[in-house]
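Structural overview for review
The chain contents come next:
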Amino acid sequence: MTQPSLPKRFLLPMALVAMCVLSVAPIRTTRWVSWFGGLTSVVIAPIRHPAGDLARYLQRSRSRDADPEVVRVLKNERDQLIATVEQLGAQNTDLTRMLGEFTTGDLLAPRNPPTRQYAPVTGRSTNAASTILTAQAGSNKGVNVGCIAVVGGAQIVGRVVAVSILECQIRPITDTGSGWISGVILTDDGRYVDCRLEPKGDGTLVGPVMVEDPASVMGAIVRLNDMSWPTFVQRYEIGRVESASPNEEHPLTIFVTVRPKVRDLSLTSEVFILLPTEGRR
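This report concerns the structure included in the present document. Everything quoted here is computed from the prediction, not taken from an experiment.

Glancing now at the overall build of the protein chain. Across its full length, the protein chain holds three helices and 12 strands. Pairs at least 24 residues apart make up 58% of the contacts formed inside the protein chain by residues separated by at least 6 positions.

Moving on to the nonpolar core. A general feature of soluble globular proteins is that nonpolar side chains tend to end up buried together. Core analysis: the biggest nonpolar cluster contains 46 residues, and Ile170, Ile185, Leu197, Ile238, Val271 and Ile273 have the highest contact counts within it. Every residue in contact with Ile238, bar those within four places of it in the chain, is listed here: Gln155, Ile173, Ile181, Ser182, Gly183, Leu197, Leu205, Val222, Arg223, Leu224, Val258 and Pro260.

Let us now look at the layout of surface pockets. The space that makes up the second largest pocket amounts to roughly 150 Å³. Those elements giving two or more residues to the lining of the second largest pocket turn out to be strand E4 (155-163) and strand E5 (168-172). If one sorts the elements of the lining of the second largest pocket by residue count, E4 sits on top with three residues. Residues of the lining of the second largest pocket, tallied by class, amount to six nonpolar, four polar and two charged.

One can find Thr268 in the loop between strand E11 (254-259) and strand E12 (270-275). Residue class for Thr268 comes out buried when judged on its relative accessible area of 5%. Here Leu265 takes part through its backbone oxygen, which lies 2.8 Å from a polar atom of the side chain of Thr268. In this view, Thr268 contacts Val121, Arg124, Leu133, Val151 and Val262; residues no more than four positions away in its chain are not counted.

All right, on to the pairing of E11 then. Put simply, side chains in a regular strand alternate between the two faces of the sheet. Among the six residues of E11, five are classified as buried, and the element is accordingly described as predominantly covered. The pairing of strand E8 (residues 205-209) with E11 spans five bridges and is antiparallel. In the strand pairing of E11, Gly207 is matched with Val256. Of the strand pairs in this sheet, strand E10 (residues 237-246) and E11 are connected by six bridges, and their pairing is antiparallel. Bridge pairing in E11 links Val241 to Val258.

Here we take up the state of the cysteines. Following the criterion strictly, the structure yields zero disulfides and no others. Free cysteine Cys147: the closest other cysteine sulfur is in Cys168, separated by 8.1 Å. The buried category is assigned to Cys147, whose relative accessible area is 5%.

The residue Thr187 is located in the loop between strand E6 (181-186) and strand E7 (192-199) in this model. With near-sequence residues (within four places) excluded, Thr187 lies in contact with Val193, Val211, Ser216 and Val217.

What follows deals with the packing of aromatic side chains. Considering all chains together, one arrives at one aromatic pair under this definition. The cationic tip of Arg159 hangs over the ring face of Trp229; the distance from NZ or CZ to the ring centre is 4.0 Å. Directly above the aromatic system of Trp180 lies the positively charged group of Arg196, at a separation of 4.5 Å from the ring centroid.

Take the pattern of salt bridges next. For the structure on display, the rule yields five salt bridges. The partner of Arg259 in a salt bridge is Glu242, with the nearest N and O atoms 2.8 Å apart. Highlighted residues: Arg259 in strand E11 and Glu242 in strand E10, separated in sequence by 17 residues. For Glu242, a relative accessible area of 36% translates into the label partly exposed. Of the charged contacts, one joins Glu242 and Arg263 as a salt bridge, the two residues approaching to 3.7 Å between their closest N and O atoms. Linking Glu242 in strand E10 with Arg263 in the loop between E11 and E12, this pair joins segments that are 21 residues apart in sequence. Where salt bridges share partners, they join Glu242, Arg259 and Arg263 into one cluster.

Rules used in this analysis
- Residues numbered from 1 in each chain as written.
- Predicted model: local features only at pLDDT ≥ 70, side-chain atom pairs only at ≥ 80, totals over all residues.
- Heavy atoms only, no water.
- Helix = DSSP H or I, 4+ residues; strand = E, 2+ residues; numbered from the N terminus.
- Contact = heavy atoms within 4.5 Å.
- Core = buried A, V, L, I, M, F, W, Y, C linked by side-chain atoms within 4.5 Å.
- Buried < 20%, exposed > 50% of the residue type's maximum accessible area, 1.4 Å probe, protein only.
- 1 Å grid on protein atoms, 1.4 Å probe; cavity = no way out; pocket = protein on both sides within 12 Å on 5 of 7 lines; lining within 4 Å.
- Points joined across faces, edges and corners; volume = space filled by probe spheres on them.
- Nonpolar A, V, L, I, M, F, W, Y, C, P; charged D, E, K, R; others polar.
- Polar contact = N/O pair within 3.5 Å; in protein donor to acceptor, adjacent residues only side chain to side chain.
- Pairing = 2+ DSSP bridges.
- Disulfide = S-S within 2.5 Å.
- Phe/Tyr/Trp six-rings, centres within 6.5 Å; stacked < 30°, edge-to-face > 60°.
- Lys NZ or Arg CZ within 6 Å of the ring centre and 35° of its normal.
- Salt bridge = Lys/Arg side-chain N within 4 Å of Asp/Glu carboxyl O.

Following this line, the structure appears as structure tokens:
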């Protein structure tokens, strides 16, 4: 015979009574209850760690995407720092190069090297036939008519032809009104040959050279060798030989085309005015 079962309505009250009794019973008499807790852990454990990992991943994703504005600002700051470092590196390279050029210029006149006055170019001639430059350095800076303007360390730009208190005007050597200029070229076989150059109005100077092989002077630097210019700028650079070829009217004479290091002197944005040492020229 089957045992009579308790009515379902008595199960809940009995469970509540049992919980109340167990809650006040001594621990040693309720230790067997922990077995049920272990059974629960066995059931839940297989999914607990994956669920925790998923929750941590979602939390990280939310933290990364929570504030895109902060991320954008940080990226901008990073890009600015990178750009600043690159700019400082480029400035260091330029300053090192300029120091080397200045040293070269001083070595060309070791007995009385001139001082240099920085002068930004502030204007250009409105006359299409003239390339005269206006620079911001005048008599207040010690500049006089006849002073020499250079770019870099030893590339001649031209002479000062007019001076006011605050400004001066410079006629580039490539200006058609500047006249002839004499130079010397070191050929590839170690010989020095003289040349007399005339500005052509296109940023270059042209003149004859007494050499047999045009290739011997191609790419050579032309240096000043003209006693009508101050002593301290002798051997400064006029330019570099861009081309060399026989002249149609003089087949036995080689004509060279010389271009300054600055491709167009009329577009120079800054120069240095060379001020001679006191009492020397």
